[in-house]
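The primary structure of each chain is shown beneath.
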Number of protein chains: 2
Amino acid sequence: MENFNFKAETNILFGKGQVDKLPNVLSSFGKNVLLVYGGGSIKRSGLYDKINQLLGDDFNLFELPGVEPNPRIETVRKGAALCKEHNIDVCLAVGGGSTIDCTKAIAAARFYQGDPWDFTQDSRLVKEALPIVTILTIAATGSEMNGGSVLTNVETKEKLSFGSRKVVPKVSILDPTLTFSVPTYQTLAGSSDILSHLFENYFNKTPNTMVQDGIAEGLMRTVYHYTPLALKNPEDYDARANLMWASSLALNGLTGSGKSGIWSCHGMEHELSAYYDITHGIGLAIITPRWMQHILSEETAERFAMFGRRVFDLEKDDDMMKTAQKAIELTYETFKEWGVPMTLGEVGIDNKLLEEMAEQTIKHKDLATEAYVSLDKEDVLAIFEASLEEMNF
Amino acid sequence: MENFNFKAETNILFGKGQVDKLPNVLSSFGKNVLLVYGGGSIKRSGLYDKINQLLGDDFNLFELPGVEPNPRIETVRKGAALCKEHNIDVCLAVGGGSTIDCTKAIAAARFYQGDPWDFTQDSRLVKEALPIVTILTIAATGSEMNGGSVLTNVETKEKLSFGSRKVVPKVSILDPTLTFSVPTYQTLAGSSDILSHLFENYFNKTPNTMVQDGIAEGLMRTVYHYTPLALKNPEDYDARANLMWASSLALNGLTGSGKSGIWSCHGMEHELSAYYDITHGIGLAIITPRWMQHILSEETAERFAMFGRRVFDLEKDDDMMKTAQKAIELTYETFKEWGVPMTLGEVGIDNKLLEEMAEQTIKHKDLATEAYVSLDKEDVLAIFEASLEEMNF
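Residues numbered from 1 in each chain as written. Chains lettered and ligands numbered in written order. Predicted model: local features only at pLDDT ≥ 70, side-chain atom pairs only at ≥ 80, totals over all residues. Heavy atoms only, no water.

Asker: Please explain the overall build of chain A as it appears in this structure.
Answerer: Counting its regular elements, chain A contains 15 helices and 8 strands. Expected size for 393 residues packed as a compact globule is a radius of gyration near 21 Å; at 20 Å, chain A falls within 12% of this value. On the principal axes, the C-alpha backbone points of chain A span a range of 65 × 45 × 40 Å. Looking at chain A as a whole, 61% of its 393 residues are labelled buried. Put simply, of all contacts in chain A between residues at least 6 apart along the chain, 78% involve residues at least 24 apart. Roughly 14,600 Å² of accessible area belongs to chain A as shown, and the carbon and sulfur atoms make up 47% of that amount. The average position of the 37 basic charges and that of the 54 acidic charges among the side chains of chain A differ by 5 Å. (Helix = DSSP H or I, 4+ residues; strand = E, 2+ residues; numbered from the N terminus. Rg over C-alpha atoms; globule rule 2.2 N^0.38 Å. Buried < 20%, exposed > 50% of the residue type's maximum accessible area, 1.4 Å probe, protein only. Contact = heavy atoms within 4.5 Å. Areas by Shrake-Rupley, 256 points an atom, 1.4 Å probe, with all protein chains shown as cover. Lys, Arg positive; Asp, Glu negative; His and termini not counted. Charge placed at Lys NZ, Arg CZ, Asp CG, Glu CD.)

Asker: I keep staring at the relation of the copies chain B and chain A and nothing clicks. Help me out?
Answerer: Both copies of the chain are placed relative to one another by a rotation about an axis and a shift along it. Least-squares fitting of chain B to chain A yields an RMSD of 0.0 Å, with the superposition described by an axial translation of 0.0 Å and a rotation of 180 degrees. Read as a symmetry element, the transformation amounts to a two-fold axis. Both copies share a contact surface, since 100% of the interface residues of chain B are interface residues in chain A too. (Least-squares fit on C-alpha atoms with pLDDT ≥ 70 in both.)

Asker: What's the story with the nonpolar core in this structure? I'm lost.
Answerer: Counting residues in hydrophobic clusters, the biggest one holds 170 residues, and the most contacted among them are A:W245, A:W291, A:F307, B:W245, B:W291 and B:F307. Among all residues touching A:F307, those that are not within four sequence positions of it are A:F199, A:Y202, A:F203, A:M220, A:M292, A:F312, A:A327 and A:T331. (Core = buried A, V, L, I, M, F, W, Y, C linked by side-chain atoms within 4.5 Å.)

Asker: Would you mind showing me how to read helix α5 (residues 97-109) of chain B here?
Answerer: Given 3.6 residues to a turn, an α-helix orients residues that are three or four positions apart in the same direction. The end-to-end C-alpha distance of α5(B) is 18 Å, a good match for the 18 Å that 13 residues give at a rise of 1.5 Å each. Restricting attention to buried positions, one finds in α5(B) the residues B:G97, B:T99, B:I100, B:D101, B:C102, B:T103, B:K104, B:A105, B:I106, B:A107, B:A108 and B:A109. (Expected span 1.5 Å × (residues − 1).)

Asker: What's the story with the domain arrangement of chain A in this structure? I'm lost.
Answerer: How big an interface is tends to be stated in terms of the accessible area lost upon association of its parts. All names here are of chain A. By the assigned domains, chain A splits into domain 1 (11-179) and domain 2 (184-386). At the surface where domain 1 touches domain 2, the tally comes to 2 salt bridges. Among the ionic pairs, R72 bridges to D277, the shortest N-O distance being 3.7 Å. Counting the contacts that link domain 1 with domain 2 gives 9 residue pairs in polar contact (both at pLDDT 80 or more). For the side of domain 1 that touches domain 2, the element with the most residues is strand β7 (residues 158-163), which contributes 3 residues. In terms of residue class, the side of domain 1 that touches domain 2 is built from 11 nonpolar, 7 polar and 7 charged. (Domains from an automatic or database assignment. Salt bridge = Lys/Arg side-chain N within 4 Å of Asp/Glu carboxyl O. Polar contact = N/O pair within 3.5 Å; in protein donor to acceptor, adjacent residues only side chain to side chain. Nonpolar A, V, L, I, M, F, W, Y, C, P; charged D, E, K, R; others polar.)

Asker: Would you mind showing me how to read the sheet that holds strand β1 (residues 4-14) of chain B here?
Answerer: Backbone-to-backbone hydrogen bonds pair the strands of a sheet. The strands run either parallel or antiparallel. Pairing is mixed across the open sheet formed by 12 strands, whose spatial order is β3(A)-β2(A)-β4(A)-β5(A)-β8(A)-β1(A)-β1(B)-β8(B)-β5(B)-β4(B)-β2(B)-β3(B). Looking along the sheet, the strands with just one partner apiece sit at the ends: β3 (60-64) of chain A together with β3 (60-64) of chain B. This sheet shows a mean twist of 25 degrees between the axes of neighbouring strands, independent of strand direction. (Pairing = 2+ DSSP bridges. Axes fitted to C-alpha atoms, helices over the stretch in contact; angles between N-to-C directions.)

See below:
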């Protein structure tokens with residue numbers, strides 16, 4: 001295990017009816033609130049009205065609607081301008097990871113003289129930020145409990161991230177009933193995203209991290225258990241609750257602290273999203289089993305076999321490679337069974353830009369030296385190409 | 001899953017050499033420091049000198065040595081008086097759970113006009129507290145990352161607790177090398193204590209808490225894997241590191257949030273410690289398998305079987321009761337193999353006060369309605385009596 005700092009200072013208010021605490025929560029930060037949200041889903045669900053009703057005349061509510069699924073830097077600029085203009089005290093993000101990520105950049109940009117895209121080049125430029133409160137409406141990115149933010153620059157076709165403790169939400173309201181209305185496709189994308197965070201930390205070079213790995217295995221089992229239940233009955237409270245809490249814990253440092261190295265699948269998927277604006281979680285589900293297959297070797301088989309035994313309850317087998325292979329197969333097959341489109345073609349990506357995206361992956365992420373298994377441009381291209389076809393086992 | 005609040009705001013500095021950050025950590029709180037510690041172990045290990053050297057002339061260091069293994073209310077009173085007298089800015093607890101628990105009471109008593117024993121009657125009396133920094137020297141109670149404190153009143157033979165977010169440590173320094181010198185007996189007691197925290201939350205009535213249970217299972221596996229390694233080679237860094245981090249995460253809310261009900265074995269053990277001043281973790285190890293055996297039934301067998309499969313890697317068996325029984329047996333046998341004294345006689349307790357202690361258990365804890373399985377005085381007495389004899393399976 002390596003040295004680390006851990007702090008999970010976000011005050012999580014979890015459960016049915018916690019939204020009612022919003023006025024109390026916000027009032028400790030001030031009266032001028034910037035409400036940031038995405039499309040119309042919070043209006044359709046009644047949450048938008050509920051918030052307005054709760055805050056009533058006691059707060060000055062300003063709005064930034066229309067945050068994109070892969071949030072764009074222009075939207076951040078717009079939000080920062082609103083904060084300056086209206087002397088905002090606190091940002092209220094209502095939505096999923098995109099809305100929260102966008103809000104983090106806005107909260108920091110409020111105090112930054114340059115362009116907020118700079119943060120993706122150097123996170124240390126974040127010196128100060130407005131306090132952030134979130135109301136989560138989908139279990140997916142974990143952004144509600146960490147300091148990470150992923151932004152998209154459509155102009156330069158770049159999807160890049162920054163991270164700072166300054167933008168960790170102060171309070172996050174996690175009411176599982178708010179995810180009852182999440183459609184099938186987004187539920188799938190969310191669960192895939194949670195799993196990917198767990199995979200990326202779990203398949204890692206640092207040895208002797210049983211605490212982190214045990215937690216990751218438990219959270220993976222949770223996602224595999226409850227996703228089909230949530231798909232079958234979107235209003236299954238316990239399924240939604242477990243998925244929601246798993247999403248936050250998957251990326252709040254618990255499974256990654258004490259490990260080093262960088263993530264492989266996210267590096268590749270960010271190029272797919274930057275070029276084709278596809279749903280992040282779906283891109284991850286497509287890439288992941290091909291990446292696993294590509295890096296399976298005598299050296300990695302033990303870890304894949306452990307994953308299979310602990311997460312898919314595979315029986316012990318003297319042939320470790322067989323268990324490892326079965327685990328990869330189950331990773332792929334489970335996504336398919338859930339209904340995730342599992343080839344690039346199904347999300348509108350053909351072979352034309354694969355080489356360019358592979359090049360960009362390597363340009364943006366040091367996968368050669370920092371990944372679980374070293375990847376160069378040819379490896380990435382092979383994984384992209386394998387993602388065009390169905391997998392056969 | 002039930003509604004809950006979760007916040008883990010303690011800044012954890014984990015790993016080799018983190019103690020060097022102490023001056024920096026303390027300086028954000030002030031110059032007047034009360035150093036609280038127990039026996040001479042921190043002097044023997046060189047940690048005491050190291051702290052003095054690090055703090056040098058930049059701080060005004062006052063001392064409260066001699067905190068007892070079951071910390072006494074008199075020591076709390078003494079510490080609170082020192083805080084008032086020297087206008088202490090920050091309390092520095094160096095040691096294990098007893099030292100940290102005592103420090104929490106001192107930090108709160110600094111601002112309380114009455115007697116600090118009152119806190120054990122009503123935690124809400126804690127309105128304010130001095131900031132607390134800890135340097136942990138044993139993996140056991142998890143007190144370094146939560147707001148709980150257990151105090152002993154020798155006069156009234158009571159061992160009772162209080163809990164408040166006000167006394168959650170601001171910073172905890174977790175350097176596994178500081179636990180290299182922990183003797184075998186204390187290592188055993190520490191691991192037993194960690195396991196007990198996990199058991200108490202795991203064997204619980206609230207259904208559909210797979211997130212919490214999965215985390216608990218992962219931490220239990222960690223403790224079972226690394227304890228023998230730490231016993232064999234006390235300077236095994238990775239063993240000490242995993243045990244240390246497991247101890248903090250076992251009781252920081254991760255495995256208990258979203259569940260209700262109260263703990264059974266701790267209620268019983270606190271009486272043993274209050275009457276006989278035995279080591280808490282050892283008392284828990286003795287009580288636990290007898291409690292498990294006492295409550296094993298058609299109703300609880302499923303959970304014990306799951307525990308056996310997930311934690312001891314027992315194979316699936318159509319006879320759930322058989323797996324459950326095997327899991328309890330392994331719980332007992334593993335403690336024995338490690339070298340834990342597993343009967344009351346071995347820790348100097350005979351049958352004379354069992355009835356009185358059983359009565360006190362029921363008086364202090366509502367085990368009839370709030371426990372995993374309802375226990376009355378006769379049940380507790382039966383568990384105590386079973387703890388006099390070896391278990392036979």
